[in-house]
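Commentary on secondary and tertiary structure
Residues per chain are reported as follows:
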Amino acid sequence: MAGTEWEPKIVAFCCNWCSYGGADTAGMGRFQQPSSLRIIRVMCSGRIDPMHVFNAFLEGADAVLVTGCHLGDCHYVNGNYKAQVRYQFLEEMVRELGLEPERLQLNWISASEGEKFANFIRDVTAQIKQLGPSPLKPEGVN
Amino acid sequence: MVGIGDKLLGYATNPDVRNRGASGGLVTAVLAAALEKGMVEGVVVLKRIDEYEAIPVITDDVQEVLASGGSMHAVPVNLTKHAVGRKIAMPGKPCDVRGVIEQAKRNGVDLENTYIVGLNCGGSMHPVVTREMLIRMYEIDPEDVVGEEIEKGKLIFKTKDGEEKAISIDELEEAGYGRRENCRYCTIKIPTNADLACGNWGVIGELAGSATFCEVMNEKGKRLLDNAIEAGFIEVQPADEKSIAIRNKVNSAMLKLGDEWKGRLLTEIHDQERLTYYIEQFADCIDCGACREVCPVCTCGEDSKCTMFHSLADNYKMSMYHMVRLLHLSDSCIGCGQCSDICPVDIPVTTIFRRFADPAQKKRDYSPGMDLQRPPFLELMLK
Ligand SMILES: Cc1cc2nc3c(=O)[nH]c(=O)nc-3n(C[C@H](O)[C@H](O)[C@H](O)COP(=O)(O)OP(=O)(O)OC[C@H]3O[C@@H](n4cnc5c(N)ncnc54)[C@H](O)[C@@H]3O)c2cc1C
Ligand code: FES
């Protein structure tokens, strides 16, 4: 489609109980959202293995978002604290690799925060459009 | 009876063992006494093949232990994995000891049953590089070498015709020889994480060259020494102030030098160039898996994330195997250099892994393999 603006691919890991609910609320509230988002639902942010994030990047994601319940609200007591520890290491690693920091982001979003979710996706999409396609994207993937 | 924290000078009572030992043969005698008196079922020793090759073996023969003295500077093995699942005593450079402690944190080693006699270490050399260095810098046929020694910053080789040639280590390293890169910036020279910390720094005067400086680090170290003294294998005396001061001084000087080397070897790569650099380095990888096999802190075993989720058919820009390992080791890499040594396509694996691990460990003020107090961060236990 010549002439159309490049649309990044953004993978968001959402936990079943909060941020996935947030995405749902965003839809029900009819907040405008770009079509860049690919949601992967997990039961809890504690399920997100750094490997999943690598896989997303290596398969061609331009940005990866790790999301879950607010700290203290995890439905499995402390899954998001575990996610946070992993995320810190992951973030440092992605920096050292030389990927732009905007390409990996963490956000805690509750099921009622539909607007926050929509704004977050819009902001990230705008940032990534500025940066262009991820340097880890395989040949032949848009 | 010795006490925890004691700093001693000691040597083997058997003159052969004392002579063959790098310093006073104390390490060999302590290991042999532990076996003789049944404290352990076996001892890890290096079985010497020649100047450049030795194989770690686990023996239950006291004579074999007694015959194993001497330091092999051109044998950069890591002995960690030999301690896994056994009741043994072993000698160990700081990196060997750190490996054992990281294994213990992951339930690979039972420290209660493992006695570790630590050796000070200023660094070891790669055997292939050492041979090349002998030809180019020393103009000696590597096969003619019968012994090697480090004295006053010089590396001395002795040939079978009784000749000696000394070149300063600084000069060798400027020319690209000498110690392995990771040793040059290693931050642990005295193995305070072992049960005993032994070395020749601080052995002065008439004892120079024929006694070992030994610090008792914990209860197990005390048991080892008491046992060896009681068995009549060693004699010890307290080290005086001057000895202790010299040991500290040399250690500080070495650490300072290490800092300088770190600046030179881990030079900053610009933000925009780093990814390309890593992609290019790992592009040479032939997927042999040897770096994982030799890694002393890896406890994953056969089925691990780094291999199970990695497939060459994916044709990714960067290897999933290395991505997983880079993250996995950022809290636990001890910089022992085994991965670089083994790599068949000469990827500077250790240097690359240190680029990730160094800032992560520094930020958390954490030095893996130094104690059991702090858990591996990635397996953080929540209260
Ligand atoms: C690579 C290396 C570098 C060293 N650098 C220093 C230094 O800078 N400053 C200092 O004070 N002391 C250093 N040491 C320690 C010193 O050389 C003596 O090992 C120590 O003083 C004990 O002397 P000893 O006579 O009691 O030991 P010995 O009775 O000679 O026993 C030595 C033991 O070390 C084992 N061993 C030999 N080579 C290796 C190896 N490559 N890896 C693991 N185990 C090995 C042997 O199997 C033996 O059990 C170094 C040792 C090594 C191996
Ligand atoms: S359930 Fe949402 S983070 Fe654990």
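These numbers were taken from a predicted model, which means no experiment stands behind them. (Residues numbered from 1 in each chain as written. Chains lettered and ligands numbered in written order. Predicted model: local features only at pLDDT ≥ 70, side-chain atom pairs only at ≥ 80, totals over all residues. Heavy atoms only, no water.)

1. Considerations on the sheet that holds strand β7 (residues 154-159) of chain B
Residues and elements named next belong to chain B. Across the sheet, three strands lie side by side as β6-β7-β8; this open sheet has antiparallel pairing. Strands with a single pairing partner mark the edges of an open sheet, and in this sheet they are β6 (145-151) and β8 (164-168). In this sheet, neighbouring strand axes are inclined to one another by 20° on average, regardless of whether the strands run parallel or antiparallel. Bridging between β6 and β7 involves six bridges; their strand directions are antiparallel. Within β7, the position partnered with E148 by the bridge is F157. The strands touched by helix α5 (residues 127-138) are β6, β7 and β8; relative to β7, the strand with the most contacts, the crossing angle is about 90°. (Pairing = 2+ DSSP bridges. Helix = DSSP H or I, 4+ residues; strand = E, 2+ residues; numbered from the N terminus. Axes fitted to C-alpha atoms, helices over the stretch in contact; angles between N-to-C directions. Contact = heavy atoms within 4.5 Å.)

2. A look at the packing of aromatic side chains
All names here are of chain B. Taken as a whole, this structure holds three aromatic pairs over all chains when the rule is applied. Ring plane angle 85° and centroid distance 5.0 Å describe the contact between Y138 and F157, whose orientation is recorded as edge-to-face. Remark: F157 occurs in strand β7 and Y138 occurs in helix α5; sequence separation between them is 19 residues. Ring pairing ties together the aromatic residues Y277, Y278 and F356, which thus form one cluster. (Phe/Tyr/Trp six-rings, centres within 6.5 Å; stacked < 30°, edge-to-face > 60°.)

3. With respect to a nonpolar patch on the surface
Side chains of W17, M43 and Y76 of chain A sit close together on the surface and give an oily, nonpolar patch of about 310 Å² of accessible area. Along the chain, the position of M43 of chain A falls in the loop between β2 (37-42) and α2 (50-59). (Patch = residues over 30% accessible without salt bridge, like charges linked within 9 Å, V, L, I, M, F, W, Y side chains within 5 Å. Areas by Shrake-Rupley, 256 points an atom, 1.4 Å probe, with all protein chains shown as cover. Salt bridge = Lys/Arg side-chain N within 4 Å of Asp/Glu carboxyl O.)

4. Observations concerning the pairing of β8 of chain B
Residue and element names in this part refer to chain B. Sheet analysis places β7 next to β8, joined by five bridges and oriented antiparallel. Opposite F157, over in β8, you have K165 as the bridge partner. Where β7 hands over to β8, the hairpin turn is made up of four residues, of which G162 adopts a positive phi near 85°.

5. Quick word on the interface of chain B and chain A
Chain B puts 26 residues into the contact, and the matching count from chain A is 27 residues. Across the chain B/chain A interface, buried area totals approximately 2500 Å², and carbon plus sulfur atoms make up 70% of it. Counting across the chain B and chain A interface gives four salt bridges. One salt bridge in this structure joins K363 of chain B and E92 of chain A, with 2.7 Å as the shortest N-O distance. The interface formed by chain B and chain A contains 11 residue pairs in polar contact (both at pLDDT 80 or more). Of the residues belonging to the side of chain B that touches chain A, the class tally is 17 nonpolar, one polar and eight charged. (Buried area = accessible area lost by both parts, 1.4 Å probe. Polar contact = N/O pair within 3.5 Å; in protein donor to acceptor, adjacent residues only side chain to side chain. Nonpolar A, V, L, I, M, F, W, Y, C, P; charged D, E, K, R; others polar.)

6. Section: the state of the cysteines
The tally for this structure, following the rule as stated, stands at one disulfide over all chains. Each sulfur of the disulfide joining C18 of chain A and C69 of chain A lies 2.4 Å from the other. Residues C18 of chain A and C69 of chain A share a disulfide whose torsion about the S-S bond is about 95°; that sign makes it right-handed. With C18 of chain A in the loop between β1 (10-15) and α1 (19-28) and C69 of chain A in the loop between β3 (63-68) and α3 (79-97), this pair connects stretches of sequence that are 51 residues apart. Under the relative-accessibility criterion, C18 of chain A is labelled buried at 6%. According to the relative accessible area criterion, C69 of chain A is buried, its value standing at 4%. Here C183 of chain B is not cross-linked by a disulfide; its sulfur's nearest cysteine counterpart is in C121 of chain B, at 5.9 Å. (Disulfide = S-S within 2.5 Å. Buried < 20%, exposed > 50% of the residue type's maximum accessible area, 1.4 Å probe, protein only.)

7. Some words on the domain arrangement of chain B
Residue and element names in this part refer to chain B. The assigned domain composition of chain B is domain 1 (7-124 + 183-259), domain 2 (127-178) and domain 3 (268-382). A C-alpha centroid distance of 24 Å is found between domain 1 and domain 2. Domain 1 puts nine residues into the contact, and the matching count from domain 2 is 13 residues. In this assembly, domain 1 packs against domain 2 so that about 940 Å² is buried in total across both faces, 48% of it on carbon and sulfur atoms. Looking at the side of domain 1 facing domain 2, the largest losses of area belong to E51, Y52 and R184, adding up to 64% of the total buried there. Seen at the junction of domain 1 and domain 2, the total is two salt bridges. (Domains from an automatic or database assignment.)

8. As for the sheet that holds strand β10 (residues 212-216) of chain B
Residue and element names in this part refer to chain B. Taken in spatial order, the eight strands line up as β3-β2-β4-β5-β9-β10-β1-β11 in an open sheet, and their pairing is mixed. Strands at the two margins of the open sheet, each flanked by one partner only, are β3 (53-59) and β11 (234-238). Ignoring strand direction, the axes of neighbouring strands in this sheet form an average angle of 30°. Judged from the three bridges that link them, strand β5 (residues 115-119) and strand β9 (residues 196-199) form a sheet pairing that is parallel. Each residue of the ladder has a partner; that of L119, found in β9, is C198. On the sheet, helix α4 (residues 94-105) packs against β4 (88-92) and β5 and is oriented at approximately 135° with respect to β4.

9. What to know about the pattern of salt bridges
Overall, the coordinates contain 31 salt bridges over all chains when judged by the stated rule. Of the charged contacts, one joins K129 of chain A and E7 of chain A as a salt bridge, the two residues approaching to 3.5 Å between their closest N and O atoms. Linking K129 of chain A in helix α4 (residues 114-131) with E7 of chain A in the segment before β1, this pair joins segments that are 122 residues apart in sequence. Look at K129 of chain A and you get partly exposed, because its relative accessible area is 29%. A salt bridge links E219 of chain B to R223 of chain B, with the shortest nitrogen-to-oxygen separation between them at 3.8 Å. Here E219 of chain B and its partner R223 of chain B are both found in helix α8 (residues 219-230), four residues apart, which amounts to about one turn of the helix.

10. Some remarks on the site of ligand 1
Residue and element names in this part refer to chain B. In the vicinity of ligand 1 lie 31 residues, with S23, G25, T28, G70 and N200 positioned nearest. Measuring from an oxygen atom of ligand 1, one finds a side-chain N or O atom of T28 at 2.4 Å. For ligand 1, the accessible surface in isolation is 910 Å², of which the surrounding protein chains cover 97%. Here the element with the most residues in the shell around ligand 1 is helix α2 (residues 26-36); it accounts for four residues. (Near = heavy atom within 4 Å.)

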